[in-house]
Amino acid sequence: MKIKRFDDKAALYAYAARLITQLLQEKPDCTLGFATGSTPIGIYEQLVSLYSQGRVSFAKALSFNLDEYVGLSGSHPQSYRQYMLQHLFRHTDFNPRNIYIPDGMAADLEAECQRYDSLLEEHPIDLQLLGIGHNGHIGFNEPGHALTARTHLVTLEPETRAANARFFHSEDEVPRQAITMGMGSILKARSILLVVTGADKAAVVSEALAGSISTACPASLLQTHADVTVLLDRDAGRELHDSSL
Ligand code: PGA
């Protein structure tokens, strides 16, 4: 696991965008795994800026998103499809045919999970971008006695719904279920880029990266992957001591 620390978020976002750009230059038809939430927004801004300067193209790339809310159509402002359009896809040359996001409105949600897994098998992810939840979740793989390897339907933890309520008018509006890639699908990515900022994530960063591997902290499973790069700003990294790794 490579850990890189940054004094400020802007440098971190620029570094992450450079890693993604390098991959696109080496392999224009690569498959990228994207995440939503507050953390990746700065990275997407950098990618849009690099694209508008003509320094990167996404025309041949494929993209898969980690998750999507159940019950929100792709045109709902808080759906992750809209998030991706707003922050990245609409401003770049991604081919809409190469964009994959679970369909949270599918009539048969189990079949939708299977369809997504088959697509992932057909197109292995070269680089998976990840954030981490305060409870150690990755995508919507919530802590528990057991984790699910494949794409599956999940009931969101009250903590996750509360954390995401800031994007909705009220907590009540936050969907109760989501479709998420499983930890197995995530760990199949050839490389993983975990990005964490803010003092409120310092404890979970230390638990995930330096604690024992446990389903109680899904992100701790990243310790088993051979190619993980972690980018931390000073606040997020303040409880993680190099001697504990
Ligand atoms: P955040 O979400 O980037 O909005 O903090 C991360 C996550 O819950 O995975």
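Use the structure listed above.
Caption draft 1: Quick look at the sheet that holds strand E3 (residues 62–65). In spatial order, the strands read E1-E10-E9-E6-E2-E3-E5; together these seven strands make up an open sheet with parallel pairing. Each edge of the sheet is formed by a strand with only one pairing partner; in this case those strands are strand E1 (2–6) and strand E5 (99–100).

Caption draft 2: Structural context of the environment of Gly71. Looking at the element boundaries, Gly71 is found in the loop between strand E4 (67–69) and helix H3 (80–87). Those residues in contact with Gly71 that sit more than four places away from it in its chain are Gly104 and Met105.

Caption draft 3: Quick look at the side chain of Asn65. Within the element layout of this structure, Asn65 appears in strand E3. What Asn65 contacts, discounting residues up to four positions off in sequence, is Phe34, Ala35, Thr36, Met84, Phe89, Tyr100, Ile101, Pro102, Tyr116 and Met181.

Caption draft 4: View of the nonpolar core. If you look at the biggest cluster of nonpolar residues, it comprises 41 residues, and the most contacted ones within it are Leu32, Phe34, Ile43, Leu88 and Phe94. Those elements giving two or more residues to this core turn out to be helix H1 (9–26), strand E2 (31–34), helix H2 (41–52), H3, strand E6 (127–130) and strand E9 (191–196). Among the elements that make up this core, the one with the highest residue count is H1 (seven residues). When sequence neighbours within four positions are dropped, the list of residues in contact with Ile43 reads Tyr13, Ala16, Ala17, Ile20, Leu129 and Val195. Tyr100, Leu120, Leu130 and Ile132 belong to the second-largest nonpolar core, a separate cluster that totals 32 residues.

Caption draft 5: Main features of the site of the ligand. As a structural note, the neighbourhood of the ligand is formed by Gly37, Ser38, Thr39, Gly131, Ile132, Gly133, His137, Arg166 and Lys201. Between an oxygen atom of the ligand and a main-chain N or O atom of Ser38, the distance comes to 2.8 Å. Out of a free accessible area of 280 Å², the ligand has 82% covered by protein chains. If you map the ligand onto the pockets, it falls in the largest pocket. Class assignment of the residues belonging to the shell around the ligand gives a composition of one nonpolar, six polar and two charged.

Caption draft 6: Looking closely at the packing of aromatic side chains. With the rule as written, the count across this model stands at 15 aromatic pairs. Measuring from centroid to centroid gives 6.5 Å for Tyr51 and Phe58, while their planes differ by 45 degrees, and the two rings are tilted. On the accessibility criterion, Tyr51 (27% relative accessible area) is partly exposed. According to the relative accessible area criterion, Phe58 is buried, its value standing at 0%. Judged by centre distance (6.1 Å) and plane angle (20 degrees), the rings of Tyr80 and Phe140 are stacked. Separated by 60 residues along the polypeptide, Tyr80 in helix H3 and Phe140 in the loop between E6 and strand E7 (152–155) bring together distant segments of the chain. Judged on exposure class, the residue Tyr80 and its partner Phe140 are both buried. Taken together, the aromatic side chains of Phe34, Tyr44, Tyr51, Phe58, Tyr69, Tyr80, Tyr83, Phe89, Phe94, Phe140 and Phe168 make up a single cluster linked through ring pairs.

Caption draft 7: Region of interest: the sheet that holds E7. With antiparallel pairing, the three strands of this open sheet are ordered in space as E4-E8-E7. Looking at which strands have only one partner, the edges of the open sheet turn out to be E4 and E7. Neighbour to neighbour, the strand axes of the sheet diverge by 25 degrees on average, direction disregarded. Sheet analysis places E4 next to strand E8 (residues 177–180), joined by three bridges and oriented antiparallel. For Glu68, the partnering residue across the bridge sits in E8 and is Ile179. In this fold helix H4 (residues 109–122) packs onto E7 and E8, with an angle of close to 125 degrees to the strand it touches most, E7.

Caption draft 8: Summary view of the pattern of salt bridges. Taken as a whole, this structure holds six salt bridges when the rule is applied. The partner of Arg150 in a salt bridge is Asp117, and the shortest N-O contact between them spans 3.3 Å. Taken as a pair, Arg150 in the loop between E6 and E7 and Asp117 in helix H4 lie far apart in primary sequence, 33 residues in all. A relative accessible area of 42% places Arg150 in the partly exposed class. Put simply, Arg176 and Asp172 hold a salt bridge, and the shortest N to O gap is 3.6 Å. Given a relative accessible area of 62%, Asp172 falls into the exposed group.

What counts and what doesn't
Residues numbered from 1 in each chain as written. Predicted model: local features only at pLDDT ≥ 70, side-chain atom pairs only at ≥ 80, totals over all residues. Heavy atoms only, no water. Pairing = 2+ DSSP bridges. Helix = DSSP H or I, 4+ residues; strand = E, 2+ residues; numbered from the N terminus. Contact = heavy atoms within 4.5 Å. Core = buried A, V, L, I, M, F, W, Y, C linked by side-chain atoms within 4.5 Å. Buried < 20%, exposed > 50% of the residue type's maximum accessible area, 1.4 Å probe, protein only. Near = heavy atom within 4 Å. Polar contact = N/O pair within 3.5 Å; in protein donor to acceptor, adjacent residues only side chain to side chain. Areas by Shrake-Rupley, 256 points an atom, 1.4 Å probe, with all protein chains shown as cover. 1 Å grid on protein atoms, 1.4 Å probe; cavity = no way out; pocket = protein on both sides within 12 Å on 5 of 7 lines; lining within 4 Å. Sits in = over half its atoms within 2 Å of the grid points. Nonpolar A, V, L, I, M, F, W, Y, C, P; charged D, E, K, R; others polar. Phe/Tyr/Trp six-rings, centres within 6.5 Å; stacked < 30°, edge-to-face > 60°. Axes fitted to C-alpha atoms, helices over the stretch in contact; angles between N-to-C directions. Salt bridge = Lys/Arg side-chain N within 4 Å of Asp/Glu carboxyl O.

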